[in-house]
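Now for the letters of each chain:
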Protein chains: 2
Amino acid sequence: MKPTIHQMILRFALPILLLPLGPALAQTDRPNVIYLLVDNWGWGDISLQGSTVPTPEIDALAAEGIRFLNFNIENQCTPTRSAIHTGRLPIRSGTQKVAAPGEPDGLAPWEYTIAELLSDAGYKTALFGKWHIGSQVGRHPSDQGYDEWWGINEGSNAAAYTATPEFDPQVAAVPHFWEGKKGAPSYETEPYNIAGKTTFDRNITDRAVNYIGRHSNGEDPFFLYVGFTQFHPPWVIHPDFEGISGAGNYSDIKYEVDHNIGRILDTLDESGIADNTIVILTGDNGPGTLPQGNGYATGEVGGSTGPWRGSLSTGFEGGLRTPAMVRWPGKIPAGFVTDEIVSVLDVYPTLANLVGESGRIPNDRPIDGVDQSSFLLGKQAKSNREHVVTFVGDDVFAVKWRDLKVHFITAEATFSEIKRTTFPQVYNIKEDPAEQFELWGNEGFAHAWVMTPVTKILSDLTQSMTAFPNIKPGQDFSGYE
Amino acid sequence: MKPTIHQMILRFALPILLLPLGPALAQTDRPNVIYLLVDNWGWGDISLQGSTVPTPEIDALAAEGIRFLNFNIENQCTPTRSAIHTGRLPIRSGTQKVAAPGEPDGLAPWEYTIAELLSDAGYKTALFGKWHIGSQVGRHPSDQGYDEWWGINEGSNAAAYTATPEFDPQVAAVPHFWEGKKGAPSYETEPYNIAGKTTFDRNITDRAVNYIGRHSNGEDPFFLYVGFTQFHPPWVIHPDFEGISGAGNYSDIKYEVDHNIGRILDTLDESGIADNTIVILTGDNGPGTLPQGNGYATGEVGGSTGPWRGSLSTGFEGGLRTPAMVRWPGKIPAGFVTDEIVSVLDVYPTLANLVGESGRIPNDRPIDGVDQSSFLLGKQAKSNREHVVTFVGDDVFAVKWRDLKVHFITAEATFSEIKRTTFPQVYNIKEDPAEQFELWGNEGFAHAWVMTPVTKILSDLTQSMTAFPNIKPGQDFSGYE
């Protein structure tokens, strides 16, 4: 396939565009940035939001920063990780869904990730843990701005593949851990299996702690991305935490995750760089609910969405909201809790602004995220965002606009059927967080007016995607690079 | 629409390609072939597979040949008949579903059917009964390789049309029996109605018996295709069998079908040609289950699928498996029962190989069937097939690969709603024939690796269909012939 004009412009224009265009902070002033991403984390899985298992480390982090009650993620692992890295709707980059094993996948190579942006600005960059936006050689973290990485390039499902009785290495690849450094192809190391997943998050934490230690001397700032894998099946637990809750695997994992996050925060304190480090902690999608009668003990079916309906891969609030908090001591007001709408797409432009590198944000492509830096810094009361468009795969399932939510296609839970309704369904999520009372039908079309702003949102998006065509999942550009 | 280059090549290249290319058996050695196709037959509708109504003639046939427990058909009448005749996925030929009355339909004219192949090899060819892969003049059996034919060109539903009170011959065609001979347009004879269906299978059998008698002199071998129509609604019964079971219409029909098959087998014995005749007996799709309250006596809702879930037009095993057996005395091991995966698509290349005419199989188009002749002849232990792709209409509902089955779209029964799920559903059909325990969700994504072989299968298919574009149902080529 020939590249479009737009794609060719992108390719050749980048080196020029990447000159620093805006005023920058002095190199030494720039804060370190740590992004802690917890896989498949339910909104209700922290004690501040309803968990009966205590999560003291996470609660303390929240108390020292801003906590978002209405932080909107994409619907699966891959699209959220893509949104974090690009600030763009994943469907633009071919990353709108988790690729099936064997399918080509990954972020279009010319996406300019937050890791590339910060690396070009002089940051040291590292990723430990799960990547999941490119499993092919050439589409790994070290090809997208990270100086170094170690972990898995695919999803956590892979840990269980070789344990299924029908598995045949002749037809399906044996999953592996990978590592790589910028400038060379990444390579696989040990097999990734159940035993490997059991100790994976511990090893991720060890590497993160070590990395912070190595980079706490104040020379160059660093960007560290930590992709934890717990809460995602298979629900195995590090031996130190097995049975600790007395309430089943999922609850044990809460102890483990909280502990690992605590170790990283402690390292920042011990290294004396906590005040100059922005720490972001979020999940990647709603919790995956397993059907009843699954192979896990104690009838567990997954994480808690708190008061919200739905879960992973749905357009309901339980599939959109995740625990989310940002700490930057002395800059972001401590203990602030907000219900303003914020999106994971906003991380990219907001971080670029917070570290004084907004001039590096590409202006040759649509950036769907909006800069929330003034809101985070307490300089304005409202978020700069009033809506969220929720894609599940290729389809727009829902649009959230202020307190109203409009559904076009619905799926009740992770494994349930997909339904299309003749008229959109509308809920007021402020008054009706569980999305139980449908307004369009029950109130005789009185809420149909909400389609005016929603149609405008979708039509603007269509216009933008016509001007800048989307990349197909796994689209091969090897002939053009 | 203009024909594609590929289609034009096909049209003009055929006369050259049809020269005999491979080594052939001496004319006199070649066996006769009889294909007995039973409409809407459930896997469990023979006594060897669970029927309480005895089916002694069929059981005897099975005992003298190979019986397939895992013989996979297409999902409706039309696509299975297309697959038998072409060895190609029906969607390639515009025959992926039963056309609605009034819709243009039928096999693309340049398909090279098994009847054409055998006719070109010197076989006499005849079809009696139901055709259902072309109701338009020019798309009848005698246009696709049969020397002669008699029966119906459409489905058995048509028998009931004129009995509905609203029927208006001004707006809908009165169904008829048809007949035709090679080289001339087919023509309609008597109206086809409830009375006509009552005695239809008897008349089909009479003609088959007569045909065998006329062709048992050992000159040219013959290919006889018998399309029985019983088991398909309307469930009327020949007067000789009405009430014979004491258990309702469907059970009465079992006696009738078994008797008719017995008459044909007896004729082979009496003519002294049984040893030199390959007899194939299969159904065309899972049994159609009627909704409760369907107007039939004794609460019957259709045939039995045995242990398998689903029915006609579903992707579950009950919609895929049919009774199936092949007898060739002295060549195919008698009494052999196998669970190896075989597809109705394999009939075409397998028959061509069994009669020594494999050189006539076209090589200018994809043949989706695989040659199973060595497996049938007992020369190898395994089938040459590990997977089946199940289309229902235009959509891939499921892929069976070894013991695993992956569903993308599901329908529970013939008249139930079609559901799409966010993640594929996976079952192990060996351990869980009723497809009750879903593995993907219940075992926490551990089986996701099965998408590696399945994606490969589907991607190869997409590639093949890109190179050789599919024909639309009923596509009109009249401008190009």
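Scoring rules and cut-offs
- Residues numbered from 1 in each chain as written.
- Chains lettered and ligands numbered in written order.
- Predicted model: local features only at pLDDT ≥ 70, side-chain atom pairs only at ≥ 80, totals over all residues.
- Least-squares fit on C-alpha atoms with pLDDT ≥ 70 in both.
- Domains from an automatic or database assignment.
- Contact = placed C-beta atoms within 7 Å.
- Nonpolar A, V, L, I, M, F, W, Y, C, P; charged D, E, K, R; others polar.
- Helix = DSSP H or I, 4+ residues; strand = E, 2+ residues; numbered from the N terminus.
- Expected span 1.5 Å × (residues − 1).
- Pairing = 2+ DSSP bridges.
- Axes fitted to C-alpha atoms, helices over the stretch in contact; angles between N-to-C directions.
- pLDDT = per-residue confidence, 0-100.
- Core = buried A, V, L, I, M, F, W, Y, C linked by C-beta atoms within 7 Å.
- Buried ≥ 20, exposed ≤ 12 C-beta atoms within 10 Å, placed from the backbone.
- Parallel < 35°, antiparallel > 145°, perpendicular 65-115°, else oblique.

Draft legend 1. Expanded view of the relation of the copies chain A and chain B. Mapping chain A onto chain B leaves a residual RMSD of 0.1 Å; the transformation is a rotation of 124 degrees accompanied by 0.4 Å of translation along its axis. The transformation just described matches what one would write down for a three-fold rotation axis. Relative to the rotation axis, the C-alpha of Lys419(A) is the closest in chain A, positioned 4.4 Å from it.

Draft legend 2. Here's a closer look at the domain arrangement of chain A. Residues and elements named next belong to chain A. What the domain assignment lists for chain A is domain 1 (31-385) and domain 2 (389-480). Put simply, the middle of domain 1 and the middle of domain 2, counted by C-alpha atoms, are 25 Å apart. At the interface, 33 residues of domain 1 touch 29 residues of domain 2. Residue composition of the side of domain 1 that touches domain 2, grouped by class: 14 nonpolar, 12 polar and seven charged.

Draft legend 3. Spatial organisation of helix H7 (residues 249-271) of chain B. For H7(B), spanning 23 residues, the distance from its first C-alpha to its last is 33 Å, which sits close to the expected 33 Å at 1.5 Å a residue. Residue Gly272(B) follows H7(B) closely and has a positive phi angle near 70 degrees.

Draft legend 4. View of the sheet that holds strand S10 (residues 324-327) of chain A. All names here are of chain A. If you trace the 10 strands from one edge of the open sheet to the other, you get S7-S6-S5-S4-S8-S1-S9-S10-S2-S11, paired in mixed fashion. In this open sheet, the two edge strands, each paired with only one partner strand, are strand S7 (187-191) and strand S11 (336-338). Pairwise comparison of adjacent strand axes, ignoring direction, gives a mean angle of 10 degrees for this sheet. Note: strand S6 (residues 176-181) against S7, three bridges, orientation antiparallel. Bridge assignment links His-176 to a residue of S7, and that residue is Pro-191.

Draft legend 5. A look at the sheet that holds strand S16 (residues 417-428) of chain A. An order of S13(A)-S14(A)-S15(A)-S16(A)-S16(B)-S15(B)-S14(B)-S13(B) is seen for the eight strands of this open sheet, with the pairing classed as antiparallel. Two strands in the sheet have a free side with no partner beyond their single neighbour: strand S13 (387-392) of chain A together with strand S13 (387-392) of chain B. Taking each pair of neighbouring strands and ignoring which way they run, the sheet shows an average axis angle of 20 degrees. Where strand S14 (residues 395-401) of chain A lies against strand S15 (residues 404-411) of chain A, four bridges are found, and the strand directions are antiparallel. Residue pairing in the sheet places Lys400(A) in a bridge with Lys405(A) of S15(A). The strands that helix H12 (residues 451-467) of chain A touches are S13, S14 and S15 of chain A; relative to S14(A), the one it contacts most, it runs at about 130 degrees. Here helix H12 (residues 451-467) of chain B sits on the sheet and contacts S13, strand S14 (395-401) and strand S15 (404-411) of chain B; the angle it forms with S14(B), its principal contact strand, is near 130 degrees.

Draft legend 6. Geometry of the confidence of the model for chain A. All names here are of chain A. Here chain A averages 90 in pLDDT, and 91% of its residues register 70 or above. Below a pLDDT of 50 lies the segment residues 1-27, which in the model reaches 27 contacts outside its immediate sequence neighbourhood of four places, other chains included. Interface predicted TM-score (ipTM) for the complex: 0.72; the corresponding pTM is 0.82.

Draft legend 7. Structural detail: the nonpolar core. Membership of the largest hydrophobic core comes to 221 residues, with the highest contact counts inside it found for Leu36(A), Leu224(A), Val226(A), Leu36(B), Leu224(B) and Val226(B). Excluding residues within four positions of it along the chain, Leu224(B) makes contact with Ile34(B), Ala126(B), Ala208(B), Tyr211(B) and Ile212(B).

Draft legend 8. Looking closely at the packing of helix H2 (residues 56-63) of chain A against helix H7 (residues 249-271) of chain A. All names here are of chain A. Two elements in contact, H2 and H7, have axes separated by 7 Å at closest approach and are oriented at 50 degrees. What the angle tells us is that H2 and H7 run oblique. Here H2 contributes Pro-56, Glu-57, Ile-58 and Leu-61 to the contact with H7, which in turn contributes Asp-258, Ile-261, Gly-262 and Leu-265. Residue classes in the contact of H2 with H7 are distributed as five nonpolar, one polar and two charged.

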